[in-house]
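# Overview (structure and organization)
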Amino acid sequence: MLFNNEIILNFLSTGILIYGAILATTYIILSIISAIETNHYLKKNSFVNYTKILASPFAPTISIIAPAYNESLTIIENVRSLLSIQYVNYEVLLINDGSTDDSLEKLIEAYALTKVNYTINQKLPTEKIRAVYKSAKPSFTRLLVIDKENGGKADALNAGLNISENNLVACIDVDCILEPDALLKMVKPFLENEKEEKVIAAGGVIRVANSCVVKDGKLIEVKMPENFLAKSQVLEYMRTFLLGRMAWSKLNGLLLVSGALGLFDRKIMIAAGGYNKIVGEDIELVTRIRKYMTENEEKYKVVYIPDPLCWTEVPETYKVLGRQRNRWTRGMIETLIIHKNLFFNPSYGMLGIISYPYWFFYEWLAPIVEFLAILFFVVLIYFNRINWEYFILLTTAVYSFAILFSALSILSEELTYHQYSKKRVLFKLLFFVLLEPFIFHPYVMWSSIKGNFNFIFSKNKKNWGEMTRTGFKSEVVN
Amino acid sequence: MNLFILNLQTDFSIIVGTLIIVFSVISICVFIAAFIVRHKRERNQQKEKKLVLQFQELFSNFLFSSENEELLGISMNKFKPYTKNKFNKSILLKTLFKIHKDMTGDIAEKLKMLYIELGFVDDSIKKIKSSKWHIQIIGMRELSEMRIQNVADDIAILSLDKNEILRREAQLALVKINGFQALNFLNNLTYTLSEWQQLLLLETIQYFNEKNLPPLEKLLKSENDSIVLFVLKISRIFNLISLKDHLIQLLNHENETIKIDTIGVLGELQITDSLAILKRNYSKSSKVVQLKTLELFGKIADEQSIHFLAKQLQLYDYEINLQVLRTIKTIEGKQKLEELKPSLSSKQQNLLLHVMEENK
């Protein structure tokens, strides 16, 4: 009955169409802003000699907080990578969040760690700290390993915030391989601010490390992943980072500094209450510190650095990918609910008027609308109400737009950082651009729908979302 | 009515069809562009590799050739054919600067001579007159790297430009060319001198002869706090004990960051005269200033200050107590901490064990 009503049918189909058109237009606008801003960034920084900060005694000290949970397979190499960063003043706080594997034993052996007396200033509540370890070897004096009861990633990060005594903290995923100059590039925005706006956070580009060659914790050779899903994520990351976040940074509306790598003002993080123990702790934190600054009438900026700074292993199986996207969706929903008072709230400026509604309507609602559109399509087939000519035309339009968007991100990559130097990579990417909308995208959408479903019905909303690691192509660290 | 809907539907099909064609055509163009960009880059990289090899040989002959003017001229002339092609010229310039960056003395002078002789100066001057700010910066960088004096006035104009990036680069270029004298711009600076710019300026001036350092007393009284902070850094780098009295006055400055940095400089310069004032101001200072003061005691305090420090252990405060214990350890060593242990609360004893085992 319902699907025989012309008015309802028209309303639904027109609604979906308008939503899609607005979404596509938004992407185009963001891409244009991103392109302009990336061009400006590249010009501005083409003269910069980052080693000048490296040599300066006035360079700010940074604490790197790296939480780890059951990362035994790669932990030694990950820590080695962190210890070989190009920066003068920094320390590495590795938080072992109650791992049930032999991560801690491996660390103790590899870095000659010994237990030390350590009193912690518990500014943020965390699970119990079992022990603090330092290395007996002078070459590893920067390293401090904190062993604590399991409390989740946010809890581990809060423990790191309690221990750090420095104004700047880099919160990273321990499995990431940082570019040696990552901290140098990230610290610059905190130092170059001439206006009254205080830089409170900086995020960087995350790249896909699957199939790359890593030696002694350093990225030696960038390779295109061999696995289909990983390859699809290369494209996805390119689109997200090259074409989206730079625009949000320009608009000072960036809500997400990836949990994989972010540099923050520690005092503001603590004043705002530290990480919230939810699955999407990264997006929630940025939203909260932005709110905190606005409520305290302080001018601030969250900046984004388009240089490739951090390489991470992405899921290679549908099961792990599904879990990851499910977790991301739940995290986003929780953040949207916690900060619902931002919704079109002009007192929060850009945050309330643009950023929050964008996340609400596009990041959260888009997969739901897409899923509902597919359901609507199936129902229309059942009732024999499909206009096949329109359907084919619209589907082709969406598909060609998706291809265009991916193509632009590939061109942007070629014009900027061109990390994939192998000759046939472009052909491979072209093939995946054509294929991805049929396989990868529907699966990601479905995982997001499951995330929504689980958020409503599942009790277990807080977990690390374990990821099965395959490890990098690497050499053993002695 | 039906006719209208039919028209509307036809129009819609045409619009969507056009969009498909537009998206597809742009996609194909974008892909082709990506292939062209990659091909061009790879070709240029190969060309550059070959050229750099050729230039290395030419530079080695030029730099280590005889001082005889005629022979030098012959060596120099070998570069000239490369200045006719834009790409070759850019690689030659790049190589020249790469070598110049690591050279000093006669070799640097020889490279400067080559830079002038090959007409690169005019190119650089053209660049600073470009309408594009990033080209202007390249020009300024080249001219200042080669210390070309007669362009200082042109660059000075750019140091007042509205573009913040251009302005900063012009300040740096002027300091490179004119030395300390160029720091005059600080007298009239109304905007904040960013920490980044301060680092870059310090990196440049640290190699200058401090005898030529201009008087800084007036700048320490500047209303622009960023300038005061910058001068404090200069005082630290050049160990300017002569500014002692002015530095001590800054302990009463309204800006907390200035107070903190001043305490840091007093410690670095070992100005013990400041101890009495710092002790006097301690109780009415903010916690961050107190912490910095306690840290300073570790650098300049004597045994008599131990009593003052021990007094700060009467109340438990994690940060204050931790710093006090660290300072006592620095002044008197671990032995003194052992002596203090019985008089401390259990929480403080934990802090003491923490301090005993750390490397600070």
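Below is a short write-up of the structure. (Residues numbered from 1 in each chain as written. Chains lettered and ligands numbered in written order. Predicted model: local features only at pLDDT ≥ 70, side-chain atom pairs only at ≥ 80, totals over all residues. Heavy atoms only, no water.)

### Brief notes about a nonpolar patch on the surface
Residues and elements named next belong to chain A. We count it as follows: Candidates for patches are residues over 30% relative accessible area with no salt bridge; among them, like charges are joined within 9 Å and nonpolar side chains (Val, Leu, Ile, Met, Phe, Trp, Tyr) within 5 Å. Only the protein chains shown count as cover for residues, with accessible areas throughout obtained via the Shrake-Rupley method and a probe of 1.4 Å. Counted as salt bridges are all cases of a side-chain nitrogen of Lys or Arg within 4 Å of a carboxyl oxygen of Asp or Glu. Helix and strand definitions here come from DSSP, where helices need a minimum of 4 consecutive H or I residues and strands a minimum of 2 consecutive E residues; each element is numbered from the N-terminal end. Throughout, exposure labels follow a simple rule: accessible area from a 1.4 Å probe, protein chains only, divided by the maximum for the residue type, with under 20% read as buried, over 50% as exposed, and the rest as partly exposed.
Taken together, Phe 343, Phe 344, Ile 353 and Ile 354 make up a surface patch of nonpolar side chains, about 330 Å² in accessible area. Mapped onto the secondary structure, Ile 353 falls in helix H11 (residues 350–382). Overall, Ile 353 belongs to the partly exposed group, its relative accessible area being 35%.

### Quick word on helix H9 (residues 195–205) of chain B
In plain terms, the rule: Any pair of residues with heavy atoms lying within 4.5 Å of one another is described as a contacting pair.
Counting buried residues in H9 of chain B gives 10 out of 11 residues, a clear majority hidden from the surface. Tucked inside the fold, the buried residues of H9 of chain B contact helix H2 (51–55) and helix H6 (182–191) of chain A together with helix H8 (164–178) and helix H11 (225–237) of chain B.

### Digging into the pairing of strand S2 (residues 90–97) of chain A
Sheet faces and side chains relate simply in a regular strand, where the side chains alternate between the two faces. Residue and element names in this part refer to chain A. So the rule is basically this: Strand pairing follows a simple DSSP-based rule, namely that at least 2 bridges must link the two strands. Viewed with both strands pointing away, a crossover whose connecting path from the first strand over the helix to the second turns clockwise is right-handed.
Within S2, 7 of the 8 residues are buried, which leaves the element mostly enclosed by the surrounding structure. In terms of strand pairing, strand S1 (residues 62–68) meets S2 through 7 bridges, oriented parallel. Each bridged residue has a counterpart across the sheet, and for Ile 62 the counterpart in S2 is Tyr 90. For the crossover that starts at S1, traverses helix H3 (residues 75–83) and ends in the parallel S2, the hand is right-handed.

### Remarks on the environment of Glu 221 of chain A
Residues and elements named next belong to chain A. Here is the rule: Nitrogen and oxygen atoms within 3.5 Å of one another constitute a polar contact, given that in protein one can donate a hydrogen and the other can accept it, and given that sequence-neighbouring residues count only through two side-chain atoms.
One can find Glu 221 in strand S10 (residues 218–221). The partly exposed category is assigned to Glu 221, whose relative accessible area is 31%. Measuring from C-alpha to C-alpha, the distance between Glu 221 and Ser 421 comes to 9.8 Å, with 200 residues separating the pair along the chain. Not counting residues within four places of it along the chain, the set of residues in contact with Glu 221 comprises Cys 212, Val 213 and Lys 422. A polar atom in the side chain of Glu 221 sits 3.5 Å from the side chain of Lys 422.

### Some words on the pairing of strand S12 (residues 300–312) of chain A
All names here are of chain A. By the criterion of burial, S12 is predominantly enclosed, with 12 of the 13 residues buried. Relative to S12, strand S7 (residues 177–178) is paired through 2 bridges, and the arrangement is antiparallel. Bridge pairing links Leu 178 to Cys 310 in S12. Here 10 bridges tie strand S8 (residues 198–208) to S12, and the two strands are oriented parallel to one another. Residue Gly 203 lies in a different strand from S12, and its bridge partner there is Tyr 304.

### Remarks on the sheet that holds S12 of chain A
Pairing is mixed across the open sheet formed by 10 strands, whose spatial order is S3-S4-S5-S2-S1-S6-S11-S8-S12-S7 (chain A). The open sheet terminates on both sides in strands that have one partner only, identified here as strand S3 (113–116) and S7 of chain A.

### Concerning the packing of H11 of chain A against helix H13 (residues 425–457) of chain A
Residues and elements named next belong to chain A. Rules: Throughout, an axis means a line fitted to C-alpha atoms (over the contacting stretch in the case of helices), and angles, computed between N-to-C directions, take values from 0 to 180 degrees. Oblique is the label for any angle not under 35 degrees, not over 145, and not in the 65 to 115 range, which are roughly parallel, roughly antiparallel and roughly perpendicular in turn. Basically, the charged four are Asp, Glu, Lys and Arg, the nonpolar ten are Ala, Val, Leu, Ile, Met, Phe, Trp, Tyr, Cys and Pro, and anything else, Gly included, counts as polar.
At their nearest, the axes of H11 and H13 sit 9 Å apart, and the two run at 105 degrees to each other. The angle between H11 and H13 places the two elements in the roughly perpendicular class. Residues Trp 364, Pro 367, Ile 368, Glu 370, Phe 371 and Ile 374 of H11 form the contact with H13, whose participating residues are His 441, Met 445, Trp 446, Ser 448, Ile 449 and Asn 452. Its residues placed into classes, the contact of H11 with H13 shows 8 nonpolar, 3 polar and 1 charged.

### Digging into the packing of aromatic side chains
All names here are of chain A. Applicable threshold: For Phe, Tyr and Trp, rings pair up if their centres lie within 6.5 Å, where Trp contributes its six-membered ring, and each pair is then called stacked (planes under 30 degrees apart), edge-to-face (over 60) or tilted (otherwise).
Within this structure, the stated rule accounts for 36 aromatic pairs over all chains. Centre to centre, the rings of Trp 388 and Phe 391 are 5.5 Å apart; their planes meet at 85 degrees, and the pair counts as edge-to-face. A residue pair is termed a helical-turn pair when its members lie 3 or 4 positions apart in one helix, as Trp 388 and Phe 391 do in helix H12 (residues 388–415) at 3 residues. Look at Trp 388 and you get partly exposed, because its relative accessible area is 43%. Connected via pairs of aromatic rings, a cluster forms that spans Phe 343, Phe 344, Tyr 356, Phe 360, Phe 361 and Trp 364.

### A short note on the side chain of Ser 75 of chain B
As for its placement among the helices and strands, Ser 75 of chain B is situated in helix H2 (residues 69–77). If we ignore the near neighbours within four places in the chain, the residues touching Ser 75 of chain B are Asn 61, Phe 62 and Ser 65 of chain B.

### Considerations on the nonpolar core
Across soluble globular proteins, you tend to see nonpolar side chains buried next to one another. Using the following cut-off: Only buried residues count toward a nonpolar core. Its members are Ala, Val, Leu, Ile, Met, Phe, Trp, Tyr and Cys residues joined through side-chain atoms within 4.5 Å.
Tyr 87, Tyr 111 and Phe 264 of chain A together with Tyr 115, Ile 234 and Leu 247 of chain B are the most contacted members of the largest nonpolar core, which has 254 residues in total. When neighbours within four sequence positions are excluded, Tyr 115 of chain B is seen to be in contact with Leu 93, Leu 96, Phe 97, Phe 120, Val 121, Ser 124, Glu 142, Leu 143, Met 146 and Ile 148 of chain B.

### Notes on the interface of chain B and chain A
Where we set the bar: Throughout, the accessible surface (probe 1.4 Å) given up by two parts as they are put together, summed over both, is called the buried area.
Listed per partner, the contact involves 53 residues of chain B and 56 residues of chain A. Between chain B and chain A, the buried area comes to about 5100 Å², and carbon and sulfur atoms account for 65% of it. On the chain B side of the contact with chain A, Phe 31, Arg 38 and Trp 196 of chain B bury the most area, a combined 15% of that side's loss. With its nearest N and O atoms 3.6 Å apart, the salt bridge here joins Arg 168 of chain B to Glu 192 of chain A. At the boundary of chain B with chain A, the tally comes to 14 residue pairs in polar contact (both at pLDDT 80 or more). For the side of chain B that touches chain A, the secondary structure elements donating two or more residues are helix H1 (2–63), helix H6 (133–145), H8, H9, H11, helix H17 (318–332) and helix H19 (346–357) of chain B.

### Regarding the pattern of salt bridges
Residues and elements named next belong to chain A. On inspection of all chains with the given rule, the structure shows 36 salt bridges over all chains. Note that Arg 130 and Glu 149 form a salt bridge whose closest N and O atoms lie 3.8 Å from each other. Here Arg 130 is found in strand S4 (residues 129–135), whereas its partner Glu 149 is found in the loop between strand S5 (143–148) and helix H5 (153–163), with 19 residues between them in sequence. The salt bridge partner of Glu 436 is Arg 239, with a shortest N-O separation of 2.8 Å. Pair noted here: Glu 436 is in helix H13 and Arg 239 is in helix H7 (residues 228–250), with a separation of 197 residues, a long-range link.

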